[in-house]
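These are the residues of each chain, in order.
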Amino acid sequence: MKSMEALREKPFTLSGEDLHEPVPGFLFMDTLDRGVAGYACGWVVKGRRNSILVETGAGAAVPMWLSALDRAGISHESIEWILLTHVHLDHAGGAGELLRHLPNARIGIHPDGIRHLIDPQRLVSQAKAVWKDDFALLGSMLPAPADRIVPLADGDLIDLDGVRRFRVIHTPGHTPHHAVFFEETTRGVFSGDALGAFFSASKPGLFSTVPGISPPLGDIPEYLSSIARIAELRPQCIYAAHFGLWEPAHSFIHIAAGQVALLWKLCREVRRSGGTLKEVQCRAAGILAGSPPGRLPQAELERSSLAMAEAAWNFVIRRETRNDLALPSRR
Ligand SMILES: [Zn+2]
(Lines give C-alpha, C1' and ligand atoms only; values in the text may rest on other atoms or scores of the structure.)
Protein backbone atom coordinates (compact mmCIF):
# COMPACT_ATOMS: atom_id res chain seq x y z
CA MET A 1 0.00 0.00 0.00
CA LYS A 2 1.12 3.51 -0.77
CA SER A 3 2.29 5.37 2.34
CA MET A 4 -0.06 8.09 3.47
CA GLU A 5 1.08 11.56 2.50
CA ALA A 6 -0.26 14.46 4.52
CA LEU A 7 -3.54 15.69 3.09
CA ARG A 8 -3.66 19.39 2.33
CA GLU A 9 -6.01 21.91 0.81
CA LYS A 10 -4.51 23.50 -2.28
CA PRO A 11 -4.14 27.25 -1.74
CA PHE A 12 -6.05 29.41 -4.16
CA THR A 13 -5.78 32.75 -5.87
CA LEU A 14 -8.68 35.05 -6.61
CA SER A 15 -9.83 35.27 -10.20
CA GLY A 16 -12.73 37.57 -10.80
CA GLU A 17 -14.05 38.79 -7.50
CA ASP A 18 -15.70 35.64 -6.21
CA LEU A 19 -14.03 32.84 -8.13
CA HIS A 20 -10.97 31.17 -6.64
CA GLU A 21 -8.51 29.46 -8.94
CA PRO A 22 -6.45 26.77 -7.17
CA VAL A 23 -5.35 25.29 -10.54
CA PRO A 24 -5.25 27.22 -13.84
CA GLY A 25 -8.62 26.81 -15.54
CA PHE A 26 -10.32 25.22 -12.50
CA LEU A 27 -12.23 27.79 -10.47
CA PHE A 28 -14.66 27.50 -7.60
CA MET A 29 -17.17 29.80 -5.95
CA ASP A 30 -18.39 29.61 -2.36
CA THR A 31 -22.15 29.28 -2.87
CA LEU A 32 -22.78 30.54 0.70
CA ASP A 33 -25.27 27.75 1.38
CA ARG A 34 -27.93 29.04 3.85
CA GLY A 35 -25.65 32.05 4.28
CA VAL A 36 -22.88 29.85 5.72
CA ALA A 37 -19.43 30.63 4.33
CA GLY A 38 -17.06 27.75 3.63
CA TYR A 39 -19.71 25.01 3.52
CA ALA A 40 -20.45 24.36 -0.19
CA CYS A 41 -18.94 25.41 -3.49
CA GLY A 42 -19.51 25.00 -7.22
CA TRP A 43 -16.82 24.72 -9.92
CA VAL A 44 -16.21 26.17 -13.38
CA VAL A 45 -13.73 24.48 -15.70
CA LYS A 46 -12.51 26.57 -18.63
CA GLY A 47 -11.68 25.08 -22.02
CA ARG A 48 -10.36 27.03 -25.03
CA ARG A 49 -13.68 28.70 -25.81
CA ASN A 50 -16.28 26.97 -23.69
CA SER A 51 -16.69 26.14 -20.03
CA ILE A 52 -18.41 23.57 -17.85
CA LEU A 53 -20.06 24.20 -14.49
CA VAL A 54 -19.99 21.41 -11.92
CA GLU A 55 -22.60 21.84 -9.14
CA THR A 56 -24.60 25.06 -8.91
CA GLY A 57 -25.32 25.27 -5.21
CA ALA A 58 -28.79 26.30 -4.04
CA GLY A 59 -31.13 28.69 -5.85
CA ALA A 60 -29.86 31.57 -3.74
CA ALA A 61 -26.45 31.20 -5.44
CA VAL A 62 -27.77 31.97 -8.96
CA PRO A 63 -27.28 35.79 -8.86
CA MET A 64 -23.83 35.22 -7.35
CA TRP A 65 -22.91 32.91 -10.23
CA LEU A 66 -24.08 35.35 -12.87
CA SER A 67 -22.03 38.22 -11.51
CA ALA A 68 -18.99 36.03 -10.72
CA LEU A 69 -18.96 34.69 -14.29
CA ASP A 70 -19.23 38.24 -15.64
CA ARG A 71 -16.37 39.46 -13.50
CA ALA A 72 -14.20 36.51 -14.53
CA GLY A 73 -14.92 37.25 -18.21
CA ILE A 74 -16.73 33.92 -18.77
CA SER A 75 -19.69 34.61 -21.06
CA HIS A 76 -23.06 33.05 -20.28
CA GLU A 77 -23.15 31.69 -23.84
CA SER A 78 -19.88 29.81 -23.35
CA ILE A 79 -21.22 27.46 -20.65
CA GLU A 80 -21.90 24.15 -22.43
CA TRP A 81 -22.80 21.95 -19.51
CA ILE A 82 -24.00 22.04 -15.93
CA LEU A 83 -22.84 18.72 -14.49
CA LEU A 84 -24.59 17.66 -11.30
CA THR A 85 -23.38 14.92 -8.94
CA HIS A 86 -26.90 14.56 -7.47
CA VAL A 87 -30.03 16.63 -6.93
CA HIS A 88 -29.72 17.71 -3.30
CA LEU A 89 -30.36 21.44 -3.01
CA ASP A 90 -26.83 22.38 -1.93
CA HIS A 91 -25.56 20.91 -5.24
CA ALA A 92 -28.37 21.32 -7.75
CA GLY A 93 -30.93 23.76 -6.31
CA GLY A 94 -29.93 26.55 -8.73
CA ALA A 95 -29.67 24.42 -11.90
CA GLY A 96 -33.18 25.05 -13.28
CA GLU A 97 -32.92 28.79 -12.82
CA LEU A 98 -29.37 28.98 -14.18
CA LEU A 99 -30.50 27.30 -17.41
CA ARG A 100 -32.68 30.35 -18.08
CA HIS A 101 -29.54 32.53 -18.08
CA LEU A 102 -27.14 30.15 -19.85
CA PRO A 103 -28.70 29.72 -23.30
CA ASN A 104 -26.37 26.97 -24.57
CA ALA A 105 -26.09 24.89 -21.42
CA ARG A 106 -27.50 21.43 -20.86
CA ILE A 107 -27.70 19.66 -17.52
CA GLY A 108 -25.90 16.32 -17.26
CA ILE A 109 -26.98 14.01 -14.44
CA HIS A 110 -27.50 10.34 -13.47
CA PRO A 111 -30.71 9.14 -15.21
CA ASP A 112 -32.49 8.61 -11.88
CA GLY A 113 -31.97 12.24 -10.88
CA ILE A 114 -33.81 13.68 -13.88
CA ARG A 115 -37.37 13.43 -12.56
CA HIS A 116 -36.44 15.53 -9.52
CA LEU A 117 -35.09 18.30 -11.74
CA ILE A 118 -38.21 18.34 -13.89
CA ASP A 119 -40.46 18.28 -10.84
CA PRO A 120 -38.55 19.33 -7.71
CA GLN A 121 -41.65 19.32 -5.46
CA ARG A 122 -40.83 16.19 -3.47
CA LEU A 123 -37.24 17.20 -3.04
CA VAL A 124 -38.24 20.65 -1.86
CA SER A 125 -40.65 19.19 0.74
CA GLN A 126 -37.86 16.93 2.03
CA ALA A 127 -35.47 19.87 2.27
CA LYS A 128 -38.11 21.90 4.14
CA ALA A 129 -38.39 19.11 6.71
CA VAL A 130 -34.61 18.97 7.14
CA TRP A 131 -33.83 22.69 7.19
CA LYS A 132 -36.99 24.07 8.84
CA ASP A 133 -36.51 27.83 9.43
CA ASP A 134 -33.29 27.91 7.43
CA PHE A 135 -35.05 26.55 4.35
CA ALA A 136 -35.91 30.01 3.04
CA LEU A 137 -32.20 30.86 2.94
CA LEU A 138 -31.67 28.22 0.24
CA GLY A 139 -33.72 30.21 -2.29
CA SER A 140 -36.19 28.55 -4.63
CA MET A 141 -35.59 25.53 -6.82
CA LEU A 142 -37.15 26.07 -10.25
CA PRO A 143 -37.99 23.11 -12.49
CA ALA A 144 -35.69 22.43 -15.43
CA PRO A 145 -37.11 21.69 -18.91
CA ALA A 146 -36.76 18.00 -19.82
CA ASP A 147 -35.34 18.76 -23.28
CA ARG A 148 -32.29 20.40 -21.72
CA ILE A 149 -31.39 17.50 -19.43
CA VAL A 150 -29.10 14.72 -20.61
CA PRO A 151 -28.97 11.38 -18.77
CA LEU A 152 -25.38 10.38 -18.05
CA ALA A 153 -24.53 6.69 -18.13
CA ASP A 154 -21.66 5.18 -16.18
CA GLY A 155 -18.52 5.54 -18.32
CA ASP A 156 -19.84 8.39 -20.51
CA LEU A 157 -17.20 10.88 -21.63
CA ILE A 158 -17.76 14.63 -21.88
CA ASP A 159 -15.24 16.57 -23.93
CA LEU A 160 -14.48 20.25 -23.37
CA ASP A 161 -12.87 21.83 -26.46
CA GLY A 162 -10.52 18.86 -26.80
CA VAL A 163 -8.53 20.05 -23.76
CA ARG A 164 -10.46 18.58 -20.84
CA ARG A 165 -12.34 15.30 -20.58
CA PHE A 166 -14.81 14.26 -17.87
CA ARG A 167 -15.59 10.59 -17.27
CA VAL A 168 -18.89 9.85 -15.55
CA ILE A 169 -18.71 7.33 -12.71
CA HIS A 170 -21.93 6.23 -11.02
CA THR A 171 -21.34 6.24 -7.26
CA PRO A 172 -24.51 5.30 -5.35
CA GLY A 173 -24.47 5.47 -1.56
CA HIS A 174 -25.03 9.10 -0.56
CA THR A 175 -28.11 8.86 -2.75
CA PRO A 176 -28.97 6.07 -5.22
CA HIS A 177 -28.47 8.48 -8.15
CA HIS A 178 -25.09 9.93 -7.18
CA ALA A 179 -22.32 10.24 -9.79
CA VAL A 180 -18.82 11.74 -9.74
CA PHE A 181 -16.86 13.24 -12.64
CA PHE A 182 -13.25 12.20 -13.22
CA GLU A 183 -11.41 14.90 -15.16
CA GLU A 184 -8.82 12.87 -17.03
CA THR A 185 -6.24 15.54 -17.94
CA THR A 186 -5.68 16.61 -14.32
CA ARG A 187 -6.72 13.22 -12.86
CA GLY A 188 -9.03 15.05 -10.47
CA VAL A 189 -12.40 13.87 -9.16
CA PHE A 190 -15.41 16.16 -8.73
CA SER A 191 -16.60 14.17 -5.77
CA GLY A 192 -19.96 15.73 -4.83
CA ASP A 193 -20.86 13.99 -1.57
CA ALA A 194 -19.37 10.59 -2.49
CA LEU A 195 -16.33 11.12 -0.25
CA GLY A 196 -17.91 13.20 2.50
CA ALA A 197 -16.92 16.74 3.40
CA PHE A 198 -13.47 18.13 4.21
CA PHE A 199 -12.97 21.58 5.69
CA SER A 200 -9.64 23.26 6.30
CA ALA A 201 -8.96 24.16 9.92
CA SER A 202 -7.52 27.31 11.40
CA LYS A 203 -3.97 25.95 11.27
CA PRO A 204 -2.33 24.86 8.02
CA GLY A 205 -2.20 21.09 7.64
CA LEU A 206 -5.20 20.51 9.91
CA PHE A 207 -8.69 19.78 8.68
CA SER A 208 -12.08 18.50 9.76
CA THR A 209 -14.08 15.83 7.98
CA VAL A 210 -17.73 14.81 7.97
CA PRO A 211 -18.86 11.57 6.28
CA GLY A 212 -21.48 11.80 3.53
CA ILE A 213 -24.15 9.42 4.84
CA SER A 214 -27.42 11.14 4.15
CA PRO A 215 -31.04 10.66 5.11
CA PRO A 216 -33.29 9.10 3.96
CA LEU A 217 -31.76 6.98 1.17
CA GLY A 218 -28.11 6.74 2.18
CA ASP A 219 -26.71 3.22 1.98
CA ILE A 220 -23.41 2.58 3.78
CA PRO A 221 -22.16 -0.60 1.99
CA GLU A 222 -22.94 1.02 -1.38
CA TYR A 223 -21.19 4.18 -0.23
CA LEU A 224 -18.07 2.18 0.64
CA SER A 225 -18.10 0.30 -2.71
CA SER A 226 -18.38 3.62 -4.50
CA ILE A 227 -15.37 4.95 -2.60
CA ALA A 228 -13.47 1.84 -3.70
CA ARG A 229 -14.43 2.55 -7.33
CA ILE A 230 -13.12 6.10 -7.03
CA ALA A 231 -9.86 4.78 -5.55
CA GLU A 232 -9.45 2.48 -8.58
CA LEU A 233 -9.24 5.56 -10.82
CA ARG A 234 -5.99 6.49 -9.01
CA PRO A 235 -6.85 10.19 -8.99
CA GLN A 236 -4.34 12.89 -8.04
CA CYS A 237 -6.65 15.47 -6.51
CA ILE A 238 -10.22 15.99 -5.30
CA TYR A 239 -12.36 18.90 -6.48
CA ALA A 240 -14.65 18.83 -3.47
CA ALA A 241 -18.14 20.33 -3.23
CA HIS A 242 -17.50 20.62 0.52
CA PHE A 243 -14.96 22.33 0.11
CA GLY A 244 -12.19 23.36 -2.28
CA LEU A 245 -9.32 21.42 -3.87
CA TRP A 246 -7.47 18.74 -1.91
CA GLU A 247 -4.45 16.56 -2.58
CA PRO A 248 -3.17 13.92 -2.60
CA ALA A 249 -6.40 12.16 -3.49
CA HIS A 250 -5.36 8.81 -2.03
CA SER A 251 -5.07 10.33 1.47
CA PHE A 252 -8.49 12.00 1.09
CA ILE A 253 -10.05 8.71 -0.04
CA HIS A 254 -8.34 6.71 2.70
CA ILE A 255 -9.60 9.07 5.41
CA ALA A 256 -13.12 9.21 3.92
CA ALA A 257 -13.46 5.41 3.74
CA GLY A 258 -11.97 4.84 7.20
CA GLN A 259 -14.28 7.32 8.81
CA VAL A 260 -17.47 5.84 7.36
CA ALA A 261 -16.37 2.30 8.27
CA LEU A 262 -15.71 3.42 11.86
CA LEU A 263 -19.02 5.23 12.15
CA TRP A 264 -20.88 2.20 10.82
CA LYS A 265 -19.10 -0.09 13.27
CA LEU A 266 -19.87 2.28 16.13
CA CYS A 267 -23.59 2.39 15.24
CA ARG A 268 -23.79 -1.41 15.14
CA GLU A 269 -21.96 -1.77 18.46
CA VAL A 270 -24.19 0.75 20.22
CA ARG A 271 -27.29 -0.89 18.74
CA ARG A 272 -26.21 -4.34 19.93
CA SER A 273 -25.61 -3.07 23.46
CA GLY A 274 -29.08 -1.47 23.54
CA GLY A 275 -27.73 2.10 23.39
CA THR A 276 -29.28 5.15 21.76
CA LEU A 277 -28.52 7.68 19.04
CA LYS A 278 -27.31 10.08 21.76
CA GLU A 279 -24.58 7.61 22.69
CA VAL A 280 -23.56 7.26 19.03
CA GLN A 281 -23.39 11.02 18.69
CA CYS A 282 -21.26 11.41 21.85
CA ARG A 283 -18.86 8.65 20.90
CA ALA A 284 -18.76 9.74 17.25
CA ALA A 285 -17.32 13.10 18.27
CA GLY A 286 -13.91 11.42 18.40
CA ILE A 287 -14.28 10.11 14.83
CA LEU A 288 -15.99 13.07 13.22
CA ALA A 289 -14.93 16.67 12.80
CA GLY A 290 -12.02 17.27 15.17
CA SER A 291 -9.78 20.19 14.39
CA PRO A 292 -10.60 23.81 15.22
CA PRO A 293 -12.49 25.15 12.22
CA GLY A 294 -11.11 27.56 9.66
CA ARG A 295 -13.62 29.21 7.34
CA LEU A 296 -16.57 27.06 8.40
CA PRO A 297 -18.17 28.04 11.74
CA GLN A 298 -17.83 25.49 14.56
CA ALA A 299 -21.62 25.30 15.01
CA GLU A 300 -22.04 24.29 11.37
CA LEU A 301 -19.40 21.58 11.67
CA GLU A 302 -21.14 20.18 14.73
CA ARG A 303 -24.56 20.32 13.08
CA SER A 304 -23.26 18.41 10.07
CA SER A 305 -21.51 15.79 12.19
CA LEU A 306 -24.58 15.14 14.35
CA ALA A 307 -26.82 14.87 11.28
CA MET A 308 -24.49 12.36 9.62
CA ALA A 309 -24.27 10.24 12.79
CA GLU A 310 -28.08 10.23 12.88
CA ALA A 311 -28.28 9.22 9.21
CA ALA A 312 -25.86 6.33 9.81
CA TRP A 313 -27.81 5.26 12.90
CA ASN A 314 -31.09 5.30 10.98
CA PHE A 315 -29.51 3.25 8.21
CA VAL A 316 -28.45 0.58 10.71
CA ILE A 317 -31.98 0.41 12.14
CA ARG A 318 -33.53 0.32 8.68
CA ARG A 319 -31.29 -2.56 7.70
CA GLU A 320 -32.08 -4.43 10.84
CA THR A 321 -35.82 -4.20 10.23
CA ARG A 322 -35.14 -5.62 6.78
CA ASN A 323 -33.52 -8.52 8.66
CA ASP A 324 -30.24 -7.92 6.91
CA LEU A 325 -28.39 -7.58 10.17
CA ALA A 326 -28.49 -10.41 12.68
CA LEU A 327 -28.55 -8.98 16.18
CA PRO A 328 -27.50 -11.41 18.91
CA SER A 329 -29.97 -9.87 21.41
CA ARG A 330 -32.87 -10.57 19.05
CA ARG A 331 -32.03 -14.14 18.25
ZN1 LIG B 1 -23.72 18.18 -0.20
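Going by the structure above, here's the rest.
Quick caveat: nothing in here was measured; it's all calculated off a predicted structure. (Residues numbered from 1 in each chain as written. Predicted model: local features only at pLDDT ≥ 70, side-chain atom pairs only at ≥ 80, totals over all residues.)

(A) Structural detail: the overall build of the protein chain. The helix and strand tally for the protein chain stands at nine helices and 18 strands. Based on the C-alpha atoms only, the size of the protein chain along its principal axes is roughly 65 × 45 × 35 Å. Here the protein chain holds 331 residues, and 48% of them are scored as buried. (Helix = DSSP H or I, 4+ residues; strand = E, 2+ residues; numbered from the N terminus. Buried ≥ 20, exposed ≤ 12 C-beta atoms within 10 Å, placed from the backbone.)

(B) Representation of helix H7 (residues 249-272). Helix length check: H7, at 24 residues, gives a terminal C-alpha distance of 35 Å against a target of 34 Å (1.5 Å per residue), a fit within 8%. Immediately beyond the C-terminal end of H7, within one or two residues, lies Gly-274, with a positive phi of roughly 80°. (Expected span 1.5 Å × (residues − 1).)

(C) Layout of the environment of His-101. Looking at where His-101 falls in the secondary structure, it is placed in helix H3 (residues 95-101). Considering only alpha carbons, one finds His-101 and Ala-228, 127 residues apart in sequence, at a separation of 38 Å.

(D) Focus on the sheet that holds strand E6 (residues 51-54). The strand order E2-E3-E4-E5-E6-E7-E8-E9 describes an open sheet built from eight strands, whose pairing is mixed. Of all the strands in the sheet, the pair left with one neighbour each is strand E2 (13-15) and strand E9 (149-151). Pairs of neighbouring strands in the sheet enclose a mean axial angle of 30°, with direction left out of account. Two elements, strand E8 (residues 106-109) and E9, share three bridges in a ladder whose sense is parallel. Its bridge partner lying in E9, Ile-107 is registered against Ile-149. (Pairing = 2+ DSSP bridges. Axes fitted to C-alpha atoms, helices over the stretch in contact; angles between N-to-C directions.)

(E) A look at the pairing of E6. Along E6, one buried face is formed by Ser-51 and Leu-53 and the opposite face, lined by Ile-52 and Val-54, is buried too. Relative to E6, strand E5 (residues 41-46) is paired through four bridges, and the arrangement is antiparallel. Note that in E6 the partner of Trp-43 across the bridge is Val-54. The antiparallel pairing of E5 with E6 creates a hairpin that spans four residues between the two strands. Taken together, the four bridges between E6 and strand E7 (residues 79-83) define a ladder with parallel strand orientation. Opposite Leu-53, over in E7, you have Ile-82 as the bridge partner.

(F) Inspection of the environment of His-116 at higher detail. Within the secondary structure, His-116 sits in helix H4 (residues 114-118). For His-116, a count of 23 C-beta atoms within 10 Å puts it in the buried group. For the pair His-116 and Ser-140, spaced 24 residues apart in sequence, the C-alpha separation works out to 14 Å. For His-116, the residues in contact, after removing those within four places along its chain, are Val-87, Arg-122 and Leu-123. (Contact = placed C-beta atoms within 7 Å.)

(G) Summary view of the environment of Gly-155. Tracing the sequence through the fold places Gly-155 in the loop between E9 and strand E10 (157-160). Assessed through the 9 C-beta atoms surrounding it within 10 Å, Gly-155 is described here as exposed. Distance in space between the C-alpha atoms of Gly-155 and Phe-182 is 9.9 Å, their sequence separation being 27 residues. Excluding residues that lie within four positions of it along the chain, Gly-155 makes contacts with Arg-167 and Val-168.

(H) Focus on the pairing of E7. Among the five residues that make up E7, five are buried, leaving the element largely enclosed by the rest of the structure. After leaving E6, the chain enters helix H1 (residues 62-71) and then returns to the sheet as E7, a path that is right-handed. Alignment of E7 against E8, held across three bridges, turns out to be parallel. Its bridge partner lying in E8, Leu-83 is registered against Gly-108. (Right-handed = clockwise from strand over helix to strand, strands pointing away.)

(I) Geometry of H1. Every buried residue of H1 is accounted for by Val-62, Trp-65, Ala-68 and Leu-69. For H1, the angular spread of buried residues about the axis comes to 125°, placing them on one side. Each element contacted by the buried residues of H1 is listed here: strand E3 (19-23), strand E4 (26-30) and H3. Residue Gly-73 follows H1 closely and has a positive phi angle near 75°. (Arc of directions from axis to C-beta.)

(J) Structural detail: the sheet that holds strand E17 (residues 244-247). Across the sheet, seven strands lie side by side as E1-E17-E16-E13-E12-E11-E10; this open sheet has mixed pairing. Lying at the two open borders of the sheet, with one neighbouring strand each, are strand E1 (8-9) and E10. Sheet topology note: the strand E11 (residues 164-170)/strand E12 (residues 179-183) ladder contains five bridges and is antiparallel. Its bridge partner being in E12, His-170 is matched across the sheet by Ala-179.

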